[in-house]
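The chain contents come next:
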Amino acid sequence: MNWIYEPWPWYVAGPLIALTMFVLLVVGKQFGMSSNLRTACAAIGAGKASDFFKFDWKAERWNLMVVLGAVIGGFIAANYLSDNTVEINPEIAQQLSEDYNIKSAGEAYLPPEIFATEALSDPFTLAILLTGGLLVGFGARYAGGCTSGHAISGLSNLQLPSLIAVIGFFIGGLVMVHFLYPLIF
């Protein structure tokens, strides 16, 4: 079981992703997590409130299995296949500790200083999380898909809009980390 605890090398994970994309291409499906949310909303009746959700969601119900598999797989990995530590560059850990007061860098995948339940009692943190969630949702809809959909499915199908979206994701991430995050925190 030791092989499952470590990150898989690119020469294993990459071909597995390529094989998955090939199978989806052959069966005429596209991968992306934001489309799964649309399918879930349509399944619970959101089509009554918005025309965007009025479509044959049963034809896309395989998307719901992807979400269910991601949730179950994440739970199993976090609770049974992880010691909840992550290797991090000591210089980065020191910078996180000094600049952002994140003392748990390297001890947890999700630092409790940001993601613990107690952090939700801070109205500022709650506002940041809600605003971020709305912006991510709006961005995924405006871009016609999420990062996984564009970067994995769209690029493997050689779609120019996906290439433009992925470049935008990287630029947005760099701007956030280097300019906005230090201003907010």
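Fair warning: this is a prediction, and the values are worked out from it, not measured in the lab.

(A) Up close: the overall build of the protein. Scanning the protein from terminus to terminus reveals nine helices and zero strands. Its helices and strands in sequence order give the protein the pattern α-α-α-α-α-α-α-α-α, from N to C terminus. Here the C-alpha coordinates of the protein stretch approximately 50 × 40 × 35 Å along the principal axes. Charged side chains of the protein number 8 positive and 13 negative; the gap between the two group centres comes to 26 Å.

(B) Fine view of helix H2 (residues 10-27). With 18 residues, H2 extends 25 Å from end C-alpha to end C-alpha; this agrees with the ideal 26 Å at 1.5 Å per step. One or two positions beyond H2, positive phi appears at Gly 28, with a value near 80 degrees.

(C) Region of interest: helix H8 (residues 147-156). By the burial criterion, the buried members of H8 are Ser 148, Gly 149, His 150, Ser 153 and Gly 154. On its buried face, H8 is in contact with H2, helix H3 (33-43) and helix H9 (160-184). A positive phi of about 60 degrees marks Leu 158, the residue just after H8.

(D) Seen up close, the packing of H3 against helix H4 (residues 62-80). Running from amino to carboxyl end, H3 crosses H4 at an angle of 115 degrees, the nearest separation of the two axes being 8 Å. Regarding the angle of H3 to H4, the classification is roughly perpendicular. Note on packing geometry: the crossing formed by H3 with H4 is left-handed. Residues Met 33, Ser 35, Asn 36, Thr 39 and Ala 40 of H3 pack against Asn 63, Leu 64, Val 66, Val 67 and Ala 70 of H4. Here the contact of H3 with H4 is composed, by residue class, of six nonpolar, four polar and no charged.

What counts, and where the lines are drawn
In this convention, every chain numbers its residues from 1, walking through the sequence in written order. Note on the predicted model: pLDDT of at least 70 is required for a residue's local features to be given, and 80 or more for side-chain atom pairs to be given and counted; whole-chain, interface and lining totals, by contrast, use all residues. Values shown for side chains rest on all heavy atoms present in the structure; no hydrogens or waters enter the calculation. Strands are runs of DSSP state E lasting at least 2 residues, helices are runs of H or I lasting at least 4, and numbering of each runs from the N terminus. Positive charges come from Lys and Arg, negative ones from Asp and Glu, while His and the chain ends are left out of the count. To locate a charge, take atom NZ for lysine, CZ for arginine, CG for aspartate or CD for glutamate. Here the expected length of a helix is defined as 1.5 Å per residue gap, with one fewer gap than residues. Residue exposure (1.4 Å probe, protein chains only): buried if accessible area is under 20% of the type maximum, exposed if over 50%, otherwise partly exposed. The contact rule is simple, with two residues in contact once any of their heavy atoms fall within 4.5 Å. Axis lines are fitted to C-alpha atoms, over the contacting stretch for helices. Their N-to-C directions set the angle, which ranges from 0 to 180 degrees. Every angle not falling under 35 degrees, over 145, or within 65 to 115 is termed oblique; those three ranges are roughly parallel, roughly antiparallel and roughly perpendicular. Left-handed is the label given to a crossing in which the near helix is rotated counterclockwise from the far helix by less than a right angle, and right-handed is the label when the rotation is clockwise. Amino acids are sorted into nonpolar (Ala, Val, Leu, Ile, Met, Phe, Trp, Tyr, Cys and Pro), charged (Asp, Glu, Lys and Arg) and polar (every other residue, Gly among them).

Interpretation note: all reported values are geometric properties and have no functional meaning in isolation.
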